[in-house]
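# An overview of the molecular structure
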Amino acid sequence: MAGKPVLHYWNARGRMECIRWLLAAAGVEFEEKFIEVPADIEKLIKDGSLMFQQAPMVEIDGMKLVQCRAILNYIATKYNLYGKDAKERALIDMYTEGILDLTEMMLQVVISLPDQREAKISLLKEKTKNRYLPAYEKVLKSHGQDYLVGNRLTRVDIHLLEVLLYVEELDSSLLAPFPLLKALKSRISSLPNVMKFLQAGSQRNSPINAKQIEEARKIFKF
Amino acid sequence: MAGKPVLHYWNARGRMECIRWLLAAAGVEFEEKFIEAPADMEKLIKDGSLMFQQVPMVEIDGMKLVQTRAILNYIATKYDLYGKDAKERALIDMYTEGIIDLTDMMLKVVTGFPDQREANISLAKDKAKSRYLPAFEKVLKSHGQDYLVGNRLTRVDIHLLEVLLYVEELDSSILDPFPLLKGLKSRISSLPNVKKFLQPGSQRKPPYDEKIIEKAKKIFKI
């Protein structure tokens, strides 16, 4: 019985935001059930809904999927955003993994203890500037096309836009030396589904604040 | 020009071992170029062979692929070990990600600080016993089949066998409460390609020792 996908997570970006972005970009409406107190996650665990007792979990097409990459891969395949063949998928996967590594570094900054934060922010900026942004600029330069892979929109253009916006939140000058990335950011932002998601009132989640982190620590025990 | 895949990594398990296992299980011969000194790594970076200046890197079908998951996905697709459709792939991905999480926990034992070693070992054993092993035992119990997904061999049976051998290295009695996992371990180990890989003289890498860890720390500057 096909209904809307249902996303189970707390009301923050965390590890669910990339999934929200991909569904939105694909034009797929989704529901969210927010985990707000420890009892919510305990119930999901007790019901056997979380294979590894962890969220994100997405109910989709009769499955209760956990693990971000499994969820992203399924959505990308379903909505034809995963390239046309195995070689395109290999490039998409390689580029996506780099973006996930960078996003993970950002997540680590957010959940880091205050005395470690400065050092982690420095490392993050250094890797962004010297490793990740140049790698994607180089891809765009190599083929001169409007999209990262296969000359059409795929999931990785969406993942990249998302992380470029986070990079700008961190330090808006970081994108300055990368004209092709700036252009891609602009182009992808203008796609109708994306533009809608970027507007106020969408299900896009906002930068996290200290109160949310404390709540998450209670719920997820980290 | 199709030749054998070439694996670039240091001479240890690390993040390349799952790739060695999958190629071996698929019956694919491969070459290895070992990174033995910082200069080897610097050369690969200077040549532009490593998209994010990191290994593993696998040369295959004209591509220089980095990122473990990108490499595994490509190999699994190429050798028809990735299920028959998107839903099977979703299960395979979900199970694989859990296995990778557990493998990362065990890698941390080796790459973490020496004074945290005992704590990391405890954590890995505890999560194996209470989260991961029960989850996979439950999958096998749910369908009673010989393989995790789709009633035939897929990549995730190989990934699971590999990690079962590692948890046994940590604690040889750890599989005792899990008869179906023990059954799968035995069955998959008996497949001809796997049996060959398990024998001495194959390209399978041994457990870490102090010497290997010290070398890696120099090469990878950790």
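Residues numbered from 1 in each chain as written. Chains lettered and ligands numbered in written order. Predicted model: local features only at pLDDT ≥ 70, side-chain atom pairs only at ≥ 80, totals over all residues. Heavy atoms only, no water.

### Description of the overall build of chain B
The test is simple: Put simply, DSSP marks the helices as runs of H or I at least four residues long and the strands as runs of E at least two long, and each gets a number from the N terminus on. Throughout, a residue-residue contact means that at least one pair of heavy atoms, one from each residue, lies within 4.5 Å. Here the open area of atoms and residues is found with the Shrake-Rupley method and a 1.4 Å probe, where only the protein chains shown may cover a residue. Lys and Arg are tallied as positive, Asp and Glu as negative. Neither His nor the chain termini are counted. The location of each charge is read from NZ of Lys, CZ of Arg, CG of Asp or CD of Glu.
Scanning chain B for helices and strands turns up nine helices and four strands. By principal-axis analysis of the C-alpha atoms, chain B measures approximately 50 × 50 × 30 Å. Taking contacts inside chain B between residues at least 6 apart in sequence as the whole, the part at least 24 apart equals 67%. Surface exposure of chain B reaches about 10,500 Å², of which carbon and sulfur atoms provide 53%. Each charge sign in chain B was given a centre, from 35 positive and 31 negative side chains, and these centres are 1 Å apart.

### Thoughts on the sheet that holds strand E1 (residues 6-9) of chain A
All names here are of chain A. Defined as follows: Any two strands with at least two DSSP-identified bridges between them are counted as paired. The convention used is that axes are lines fitted to C-alpha atoms, helices contributing only their stretch in contact, and that angles between N-to-C directions extend from 0 to 180 degrees.
Pairing is mixed in the open sheet, where four strands are placed in the order E2-E1-E3-E4. At either end of the open sheet lies a strand with only one pairing partner, and these are strand E2 (31-34) and strand E4 (63-66). Within this sheet the neighbouring strands show an average axis-to-axis angle of 20 degrees, counted without direction. Contacting strand E3 (57-60) and E4, helix H3 (residues 68-78) crosses the sheet at an angle of about 125 degrees to E4.

### A look at the sheet that holds strand E4 (residues 63-66) of chain B
Residue and element names in this part refer to chain B. What the four strands build is an open sheet, ordered E2-E1-E3-E4; its pairing is mixed. Looking along the sheet, the strands with just one partner apiece sit at the ends: strand E2 (31-34) and E4. Shown here is a sheet whose adjacent strand axes are inclined to one another by a mean of 20 degrees, direction ignored. Pairing geometry for strand E1 (residues 6-9) and E2, over four bridges, is parallel. Bridging across to E2, His8 finds its partner in Lys33. Seen against the sheet, helix H1 (residues 17-25) touches E1, E2 and strand E3 (57-60) and runs at an angle of roughly 165 degrees to E1.

### Focus on unusual backbone geometry
Quick note on the threshold: Only protein chains enter the area calculation, which uses a 1.4 Å probe; residues under 20% of their type maximum are buried, those over 50% are exposed, and those in between are partly exposed.
A:Ala55 connects to A:Pro56 through a cis peptide bond whose omega is 10 degrees. Here B:Val55 and B:Pro56 are connected by a cis peptide whose omega angle stands at 10 degrees. Within the secondary structure layout, B:Pro56 lies in the loop between helix H2 (38-46) and E3. The backbone of A:Asn80 sits at a positive phi, close to 60 degrees, despite the residue not being glycine. With respect to the helices, strands and loops of the structure, A:Asn80 is situated in the loop between H3 and helix H4 (86-111). For A:Asn80, a relative accessible area of 47% gives the class partly exposed. Unlike most non-glycine residues, A:Asn151 shows phi in positive territory, near 60 degrees. Its place among the elements puts A:Asn151 in the loop between helix H5 (114-143) and helix H6 (155-170). Look at A:Asn151 and you get partly exposed, because its relative accessible area is 48%.

### Brief notes about the pattern of salt bridges
To be explicit about the condition: Put simply, a salt bridge is a Lys or Arg side-chain nitrogen that is within 4 Å of an Asp or Glu carboxyl oxygen.
Counted by the stated rule, this structure contains 31 salt bridges over all chains. The partner of A:Arg15 in a salt bridge is A:Glu104, with the nearest N and O atoms 2.5 Å apart. Taken as a pair, A:Arg15 in the loop between E1 and helix H1 (17-25) and A:Glu104 in helix H4 lie far apart in primary sequence, 89 residues in all. Relative accessible area serves as the criterion here: at 27%, A:Glu104 is assigned to the partly exposed category. Among the ionic pairs, A:Glu168 bridges to A:Lys185, the shortest N-O distance being 3.3 Å. Residue A:Glu168 is located in helix H6, and its partner A:Lys185 is located in helix H7 (residues 179-189); the two are separated by 17 residues in the primary sequence. Taken together, the shared-partner salt bridges in this structure form one network comprising A:Arg69, A:Glu97, B:Arg69 and B:Glu97.

### Section: the interface of chain B and chain A
For the record, the criterion: As a working definition, buried area equals the accessible area (1.4 Å probe) given up by two parts on being put together, with both sides summed. Under this definition, polar contacts are N or O atom pairs within 3.5 Å; protein pairs additionally need one hydrogen-donor-capable and one acceptor-capable atom, and for neighbouring residues in sequence, both atoms have to be side-chain atoms. Think of it as three bins: nonpolar holds Ala, Val, Leu, Ile, Met, Phe, Trp, Tyr, Cys and Pro, charged holds Asp, Glu, Lys and Arg, and polar takes everything else, Gly as well.
Contacts between chain B and chain A engage 34 residues on the former and 34 residues on the latter. Roughly 2,800 Å² of surface becomes buried between chain B and chain A when both sides are summed, with 62% attributable to carbon and sulfur atoms. Here chain B and chain A share two salt bridges between them. For the interface between chain B and chain A, the tally reads ten residue pairs in polar contact (both at pLDDT 80 or more). At the level of elements, E4, helix H3 (68-78), helix H4 (86-111) and helix H5 (117-143) of chain B are the ones that each hand at least two residues to the side of chain B that touches chain A. The element contributing the most residues to the side of chain B that touches chain A is H4(B), with ten residues. Looking at side-chain class alone, the side of chain B that touches chain A contains 16 nonpolar, eight polar and ten charged residues.

### Quick look at the side chain of A:Ser112
Residues and elements named next belong to chain A. Tracing the chain through its elements places Ser112 in the loop between H4 and H5. Reaching out from Ser112, the side chain makes a polar contact with the backbone oxygen of Val109 at a distance of 2.7 Å. Apart from the residues within four sequence positions on either side, Ser112 is in contact with Arg117, Lys120 and Arg217.

### A look at the nonpolar core
So the rule is basically this: The nonpolar core is taken to be a set of buried Ala, Val, Leu, Ile, Met, Phe, Trp, Tyr and Cys residues, with the residues joined through side-chain atoms within 4.5 Å.
Within the largest apolar cluster, 145 residues are counted, with the highest numbers of intra-cluster contacts made by A:Tyr136, A:Leu148, B:Phe136 and B:Leu148. Non-local contacts of B:Phe136, meaning those with residues more than four positions away in its chain, are made with A:Met51, A:Phe52, B:Tyr95, B:Ile99, B:Leu148, B:Leu160 and B:Leu181.

### Looking at H6(A)
Test applied: The span one expects for a helix is its residue count, reduced by one, times 1.5 Å.
For H6(A), built from 16 residues, the straight-helix expectation of 22 Å at 1.5 Å per residue is met to within 8% by its first-to-last C-alpha distance of 23 Å. In terms of burial, H6(A) is largely enclosed, as 13 of its 16 residues are buried.

### Details of the side chain of B:Thr96
With respect to the helices and strands, B:Thr96 occurs in helix H4. Assessed through its relative accessible area of 3%, B:Thr96 is described here as buried.

### A few points about the confidence of the model for chain B
The condition is simple: Scored from 0 to 100, pLDDT reflects the predictor's confidence in each residue.
Considering every residue of chain B, the mean pLDDT works out to 95; 98% of them sit at 70 or more. Here the predicted complex scores 0.96 on pTM and 0.96 on ipTM.

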